[in-house]
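Fold and geometry: a report
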Amino acid sequence: MDERAFYIEAPTTRTAELSCPHCRTTATYELRWVVRRKKNRVPDGADERDRARFAKAQSYMVLAEDKVTCSNTRCRRTFEISGIKTMAFLNPEQEAAVAQTAPQAARQQAKQQSKKKKAKAKHKKSAQAQQGQKKQQKQKRKKPKVYFPSDYIHYRP
Ligand SMILES: [Zn+2]
């Protein structure tokens, strides 16, 4: 069984300070990561070996890109990302933060997709939106502890 079957994948971004080796300019870049959150249950069709692997599996996130384009307009050259962690295990606290954020991102996406049906359930929508905003504010207040001090997890809508 593919290890990926053990996880629920979600994209995320994190900022990182990177230094261009060509022009030596240091800048902040928004890098794409993939969060792999361990499923609550062993996936269907798992054999004994898969179950043992699943028991040991841990939620983690991994850097989804290996190169960036220098943000210095006079340089603009591509360089390899180095000097930062490219993989991080999520502790239970972070995992909870991701779990809270993921459904919200999905809701936001659904909201955008159903804009055509807007007229139908206008009242309901605005109530949901207000709730969503309240939730976002709550999440802002309790920032999860993360591996890199300047970083925080957030989802693209
Ligand atoms: Zn450069």
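Residues numbered from 1 in each chain as written. Predicted model: local features only at pLDDT ≥ 70, side-chain atom pairs only at ≥ 80, totals over all residues.

Attention now goes to the overall build of the protein. A tally of regular secondary structure across the protein gives three helices and six strands. Along its sequence from the N terminus, the protein presents helices and strands in the succession β-β-α-β-β-β-β-α-α. Looking at the 157 residues of the protein, the share that counts as buried comes to 11%. (Helix = DSSP H or I, 4+ residues; strand = E, 2+ residues; numbered from the N terminus. Buried ≥ 20, exposed ≤ 12 C-beta atoms within 10 Å, placed from the backbone.)

In this section: the sheet that holds strand 1 (residues 7-19). Across a sheet, paired strands are connected by hydrogen bonds in the backbone, their directions being either parallel or antiparallel. Spatially, the four strands line up as an open sheet ordered 1-2-3-6, and their pairing is antiparallel. The open sheet is flanked by strand 1 and strand 6 (87-89), the only strands paired with a single partner. Taken over all neighbouring pairs, the strand axes of this sheet differ in orientation by 20° on average, direction set aside. Strand direction decides the pairing type here: strand 1 and strand 2 (residues 26-38), joined by 13 bridges, are antiparallel. Pairing of Ser19 across the sheet is with Thr26, part of strand 2. (Pairing = 2+ DSSP bridges. Axes fitted to C-alpha atoms, helices over the stretch in contact; angles between N-to-C directions.)

Our next topic: the pairing of strand 2. In this antiparallel pair of consecutive strands, strand 1 and strand 2, the connection spans six residues, and Arg24 shows a positive phi of 65°. The pairing of strand 2 with strand 3 (residues 60-63) spans four bridges and is antiparallel. Paired with Val35 across the two strands is Met61, which belongs to strand 3.

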